[in-house]
Amino acid sequence: MRGTMIHAPGDVRFETLDDPKILHPTDAIIRTAVTCVCGSDLWPYRGAEPIGEPHPMGHEYVGFVEEVGAEVTSLRPGQFVVGSFATSDNTCANCRNGFPSNCLHREFMSTCQAEYVRIPNAQGTLVATDEVPGEELWSGLLAVSDVMGTGWWAADAAEVRPGSTAVVVGDGAVGLCGVIAAKEMGAERIIAMSRHESRQKLALAFGATDIVTERGEEGVEKIKELTGGIGADSVLECVGTAQAMSQALHSARPGGSIGIVGVPHDVAVDGQELFFSHVGLRGGPAPVRRYLPDLIDRVLTRRIDPGKVFDLTLPLDHVAEGYKAMDERRAIKTLLTP
């Protein structure tokens, strides 16, 4: 098969690789329907994370079951499936407690920008649709495998409630999906922080009521101005930088909550500041598997359309251009078609 490899910062290649095989009886092999480039893929692409030896890329996927291991009894070849970027058995204590992304047998997917993918813990990880969805729905279902699930977790962790005010820090695909989630959870006011016109328009289409273009202290002051000097009930931190974390912490009201879903890079929280803020923090890798049945249904019934975050579609063998376009902010998120 062919798949994506990263060799060095800025050096992504589409190469011939070994076909994936069933290695454990809990595995499945899927044929990729569509995949994509994630904002978090840009960290190594930009040199912000070490690469080491060349390795495969990609952790978002939907596809067709090709083969299953002997212990996979709930799936059969030909089914259309959606999975999470973090695999899970869906039976261990952490899974039962609602955190499958911290499954005791978790593996993080990292080979999905390819024509075929091996899925560990397939029975617990993959959710099959009743029938093959129309291709116009594939992008929305692909979003569910990570960015929509992560945006939902950001809103859930930030305790968005009906009638509340939510601030979304970050206008990438996760932040935009966080707007969808906050809207679905009943937030009355959703303030999206964005400097980019195309992303602002999409945020408004998804349900944002206000746009704040300022960042840092100026951004915090604008949030305070919009919330009567108090701050927001819920803040969704969808970036992962020190500035974004500081902005989130200072934008929340006393007693408010922050959902942290941006993978932290050089982020530190001052204990004294947090102690006296009365702000609650929760985050981590999104428990996407917990949300999959509900989010898949919302996409299939066309209640939500997170697939709109894909504003560039390329053949999979043009994956390097997909990375480049996102790195240069010419695209929010690149959809890749085998």
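Quick note: structure is the one above.
Reading guide: rules and limits
- Residues numbered from 1 in each chain as written.
- Predicted model: local features only at pLDDT ≥ 70, side-chain atom pairs only at ≥ 80, totals over all residues.
- Heavy atoms only, no water.
- Helix = DSSP H or I, 4+ residues; strand = E, 2+ residues; numbered from the N terminus.
- Rg over C-alpha atoms; globule rule 2.2 N^0.38 Å.
- Buried < 20%, exposed > 50% of the residue type's maximum accessible area, 1.4 Å probe, protein only.
- Contact = heavy atoms within 4.5 Å.
- Areas by Shrake-Rupley, 256 points an atom, 1.4 Å probe, with all protein chains shown as cover.
- Expected span 1.5 Å × (residues − 1).
- Bend = angle between axes of the 7 residues up to and from the residue.
- Axes fitted to C-alpha atoms, helices over the stretch in contact; angles between N-to-C directions.
- Parallel < 35°, antiparallel > 145°, perpendicular 65-115°, else oblique.
- Left-handed = near helix turned anticlockwise from the far one by under 90°.
- Nonpolar A, V, L, I, M, F, W, Y, C, P; charged D, E, K, R; others polar.
- Core = buried A, V, L, I, M, F, W, Y, C linked by side-chain atoms within 4.5 Å.
- Pairing = 2+ DSSP bridges.
- Right-handed = clockwise from strand over helix to strand, strands pointing away.
- Arc of directions from axis to C-beta.
- Phe/Tyr/Trp six-rings, centres within 6.5 Å; stacked < 30°, edge-to-face > 60°.
- Salt bridge = Lys/Arg side-chain N within 4 Å of Asp/Glu carboxyl O.

S.K.: So what's going on with the overall build of the chain? Which residues, and what values?
M.R.: Check the secondary structure of the chain and you find 12 helices and 16 strands. Against the compact-globule benchmark of 20 Å for 338 residues, the chain has a radius of gyration of 19 Å, which places it among compact chains. When each of the 338 residues of the chain is scored for burial, the buried share is 54%. The contacts of the chain with a sequence gap of at least 6 include a subset with a gap of at least 24, amounting to 68%. By element, 48% of the accessible surface of the chain is carried by carbon and sulfur atoms, the whole surface being about 14,400 Å².

S.K.: Report on helix H11 (residues 288–300), specifying residues and quantitative values.
M.R.: With 13 residues, H11 should cover 18 Å at 1.5 Å per step; its first-to-last C-alpha distance of 17 Å lies within 8% of that length. Of all the bends found along H11, the most pronounced is centred on aspartate 294 and spans about 35 degrees. Every buried residue of H11 is listed here: Val288, Arg289, Tyr291, Leu292, Leu295, Ile296, Arg298 and Val299. The elements touched by buried residues of H11 are strand E6 (80–82), helix H3 (122–125), strand E8 (127–128), helix H4 (138–144), helix H5 (147–157) and helix H6 (173–184).

S.K.: How would you sum up the packing of helix H8 (residues 216–226) against helix H9 (residues 242–251)? Please name residues and give values.
M.R.: Helix-helix packing is characterised by the crossing angle of the two axes and by the distance between the axes. Where H8 meets H9, the axes come as close as 9 Å, and the angle between the chain directions of the two elements is 25 degrees. As summarised for this structure, H8 and H9 are arranged roughly parallel, according to the angle between their axes. Relative to H9, H8 is oriented so that their crossing is right-handed. Between H8 and H9, the contacting residues are Gly216, Val220, Ile223 and Lys224 on the first element and Gln243, Gln247, His250 and Ser251 on the second. Each residue belonging to the contact of H8 with H9 can be placed in one class, and the counts come to two nonpolar, five polar and one charged.

S.K.: With reference to specific residues and values, describe the nonpolar core.
M.R.: Formed by 58 residues in total, the largest nonpolar core has its most connected members in Val62, Phe80, Val82, Val144, Met148, Val160 and Leu236. Other than its neighbours up to four places away in sequence, valine 144 contacts Val82, Gly149, Val288, Leu292, Leu295, Ile296 and Val299.

S.K.: Break down the sheet that holds strand E13 (residues 252–260) for me, with residues and values.
M.R.: Spatial ordering of the open sheet is given by E11-E10-E9-E12-E13-E14, a layout of six strands whose pairing is parallel. Strands at the two margins of the open sheet, each flanked by one partner only, are strand E11 (210–212) and strand E14 (280–283). The sheet shows a mean angle of 20 degrees between the axes of neighbouring strands, taken without regard to direction. Looking at chain direction, strand E10 (residues 189–193) and E11 are connected through three bridges and run parallel. Within E11, the position partnered with isoleucine 191 by the bridge is aspartate 210. Relative to E13, H5 is tilted by about 155 degrees, and along the sheet it contacts strand E12 (232–237), E13 and E14.

S.K.: Any chance you could break down the pairing of E13 for me, citing the residues and the numbers?
M.R.: As judged from the five bridges shared by E12 and E13, these two strands associate in the parallel manner. Among the inter-strand pairings, valine 235 is bridged to a residue of E13, identified as isoleucine 258. Read from E12 through H9 to E13, the crossover connection turns out right-handed. Sheet analysis places E13 next to E14, joined by four bridges and oriented parallel. Across the sheet, the residue bridging to glycine 259 is arginine 282, located in E14. Running through helix H10 (residues 271–277), the crossover from E13 to the neighbouring parallel element E14 is right-handed.

S.K.: Lay out helix H12 (residues 319–327) in plain terms, naming residues and giving numbers.
M.R.: Among all positions in H12, only Val319, Gly322, Tyr323, Ala325 and Met326 are buried. Seen end-on, H12 carries its buried residues on one side only, within an arc spanning 165 degrees. Those residues of H12 hidden inside the fold are in contact with strand E1 (2–8), strand E2 (11–16), helix H1 (42–45), strand E15 (312–315) and strand E16 (334–337). Within two residues after H12, arginine 329 carries a phi angle of roughly 60 degrees, on the positive side.

S.K.: I'd like a description of the packing of aromatic side chains, backed by residues and values.
M.R.: Counted by the stated rule, this structure contains seven aromatic pairs. Summarising the aromatic geometry, the rings of phenylalanine 64 and tryptophan 138 are spaced 5.9 Å apart at their centres and angled 75 degrees between planes, so their arrangement reads as edge-to-face. Within this pair, whereas phenylalanine 64 is found in strand E5 (residues 61–68), its partner tryptophan 138 is found in helix H4, the two being separated by 74 residues in sequence. Here phenylalanine 64 matches tryptophan 138 in class, with each residue buried.

S.K.: Give a description of unusual backbone geometry that names residues and reports values.
M.R.: Residue histidine 278 is not a glycine yet carries a positive backbone phi of 60 degrees. Its place among the elements puts histidine 278 in the loop between H10 and E14. Residue histidine 278 is classed as exposed on the basis of its relative accessible area, which comes to 60%.

S.K.: Describe the pattern of salt bridges, listing the residues and the values that go with them.
M.R.: Enumeration over the complete set of coordinates arrives at 20 salt bridges. Note that aspartate 171 is salt-bridged to arginine 329, the shortest N-O span being 3.3 Å. With aspartate 171 in the loop between strand E9 (165–169) and H6 and arginine 329 in the loop between H12 and E16, the pair connects residues that are 158 residues apart, well separated along the chain. By relative accessible area, which is 10% here, aspartate 171 ends up buried. Taking relative accessible area as the criterion, arginine 329 reaches 39% and is therefore assigned partly exposed.

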